[in-house]
Structure formats: structure tokens, C-alpha cells
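# Reading the structure
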Amino acid sequence: MVTLNRIYTRTGDGGSTKLATGETVRKCDLRVEAYGAVDETNAALGVVRLHAREEPLLDEMLVRIQNELFDLGADLATPERADHKLGWTPLRILDSQVERLEQEIDRLNGELEPLNSFVLPAGSPLAAHLHVARTVCRRAERITVDLARQPGEVVSPAALKYLNRLSDWLFVAARWANHRSGGDVLWSPGATR
């Protein structure tokens, strides 16, 4: 249970923060960068949802994904280190959450024609915002991969897969949104030479 009575604590004024384990780290720590980028992805999805009101299927999926991104943030904020005896079971992303994203990708993609060109991040407002969320998600993935490569740092394989699959989901959802409102905007290589 989370209780937030007071929003400012002044404990971070010196540039540090605490992980879920209680460990104090700098706010520029790669782990903080990773879950911060996940938070940015979630905020971008909040904007996407403003444009998804007319698409209840997609909005329902987005609500669930936003909750799962909080799960992912909690996962990343709780390092899997043997030297931390937590006394509680940390929240972790599960393979079943990744599999659900894959099922939804297949469902949305089933309505689309195969691509014969790259798509531009454009089209309907819903699709354009989905593309923005996709690029933010890709950044979160890159930071998390970098974190996982650091000595002594552990990131669960399911967390990494979730970010990778979510960016795929966002790409397909953007195509699906454009399909329902006029089609993809395709890249024309060298068209402006």
C-alpha cells in the first residue's frame, strides 16, 4: 500500500534519492534514469489516451499498460542484489505480461496490410502520439539495457523483453490507428533530392 501524505520531503534537494530497497543513490544513477524513462513513457501514454477515447479497445489496453509500467518502475527501483534482505516480495514484471503484449500485437496487426515501406511517425493525432510514446519507450529500453550491462547490476529478462515488446506494440497500434483514419504515411526515399 502506498500512502502519500506529503509530496515534498526535501530529502532529494542534494541530488540523491532512495531506491525501493532503501539504498541512497544519485538522481543521475543509471537505475534512476531507467525507471525515470519508464515514467516518461507512461506520461506519453497519458497523452495518447486523450486521443484514444473513440477507440475503446485500444484505450482498455492502454489502461492496463499504464498500470504495468508502474509495475516495471517498481521492478527497476528494486535491484535484485543478494546483499539486500528486503523482508517483502518485490514486484516484478512477468513473462505472461510480455505474452499478453504479443497477443495484442497479433490482434491489431491482423487488421493491417503488410508494409512495403517504412512509415513516418505521422498520420492521425492518435497515431502521431503513439509514435512519440514508441520513441520514448525505445529510449527507456536503451537505458535499461545499459543498466543491465553494468557490473553488479541485475535487470530481469522479463523487464527487458517487456520494454522491447511494448515499443513493438506502440508501432503496431500507431499503424492500426492510421488504418482506421486514412492509412499510414509512408517514407519516400530520396523524394526531396
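Residues numbered from 1 in each chain as written. Predicted model: local features only at pLDDT ≥ 70, side-chain atom pairs only at ≥ 80, totals over all residues. Heavy atoms only, no water.

Looking only at helices and strands, the protein chain features five helices and two strands. Put simply, the protein chain runs from its N terminus to its C terminus through helices and strands in the order β-β-α-α-α-α-α. With the C-alpha coordinates of the protein chain rotated into their principal frame, the extents come out at 55 × 40 × 30 Å. For the protein chain, restricting intrachain contacts to residue pairs at least 6 apart in sequence, the fraction spanning at least 24 positions comes to 74%. Looking at the protein chain as shown, the accessible area adds up to about 11200 Å², and 53% of this sits on carbon and sulfur atoms. (Helix = DSSP H or I, 4+ residues; strand = E, 2+ residues; numbered from the N terminus. Contact = heavy atoms within 4.5 Å. Areas by Shrake-Rupley, 256 points an atom, 1.4 Å probe, with all protein chains shown as cover.)

Attention now moves to a nonpolar patch on the surface. A contiguous nonpolar patch, built from F118, L120, V185 and W187 and spanning about 380 Å² of accessible area, is present on the exposed surface. Within the fold, V185 resides in the segment after α5 (157–179). Its relative accessible area of 30% is what places V185 among the partly exposed residues. (Patch = residues over 30% accessible without salt bridge, like charges linked within 9 Å, V, L, I, M, F, W, Y side chains within 5 Å. Salt bridge = Lys/Arg side-chain N within 4 Å of Asp/Glu carboxyl O. Buried < 20%, exposed > 50% of the residue type's maximum accessible area, 1.4 Å probe, protein only.)

Take the nonpolar core next. Formed by 46 residues in total, the largest nonpolar core has its most connected members in L58, L72, L130, Y162, L166 and W169. Secondary-structure elements contributing two or more residues to this core are α1 (30–51), α2 (56–76), α3 (95–109), α4 (125–148) and α5. Looking at which element gives the most residues to this core, the answer is α5, with 12 residues. If we skip the residues at most four places from it in the chain, L58 touches L108, L126, L130, W169, A173 and W176. (Core = buried A, V, L, I, M, F, W, Y, C linked by side-chain atoms within 4.5 Å.)

Okay, the side chain of D75 next. Residue placement: D75 occurs in helix α2. Apart from the residues lying within four places of it in its own chain, the contact partners of D75 are E80, L91, R92, I93, S156 and A159.

Checked against the element boundaries, T78 lands in the loop between α2 and α3. The exposure class of T78 is buried, given its relative accessible area of 4%. Among the polar contacts listed, one links the side chain of T78 to the backbone oxygen of A74, at a separation of 2.8 Å. Excluding anything up to four places from it in sequence, T78 contacts A20, T21, L86, W88, P90 and R92. (Polar contact = N/O pair within 3.5 Å; in protein donor to acceptor, adjacent residues only side chain to side chain.)

Examined against the element boundaries, M61 turns out to sit in helix α2. Its relative accessible area of 4% is what places M61 among the buried residues. Separated by 40 residues in sequence, M61 and L101 have C-alpha atoms that sit 9.1 Å apart. What M61 contacts, discounting residues up to four positions off in sequence, is E104, R107, L108 and W169.

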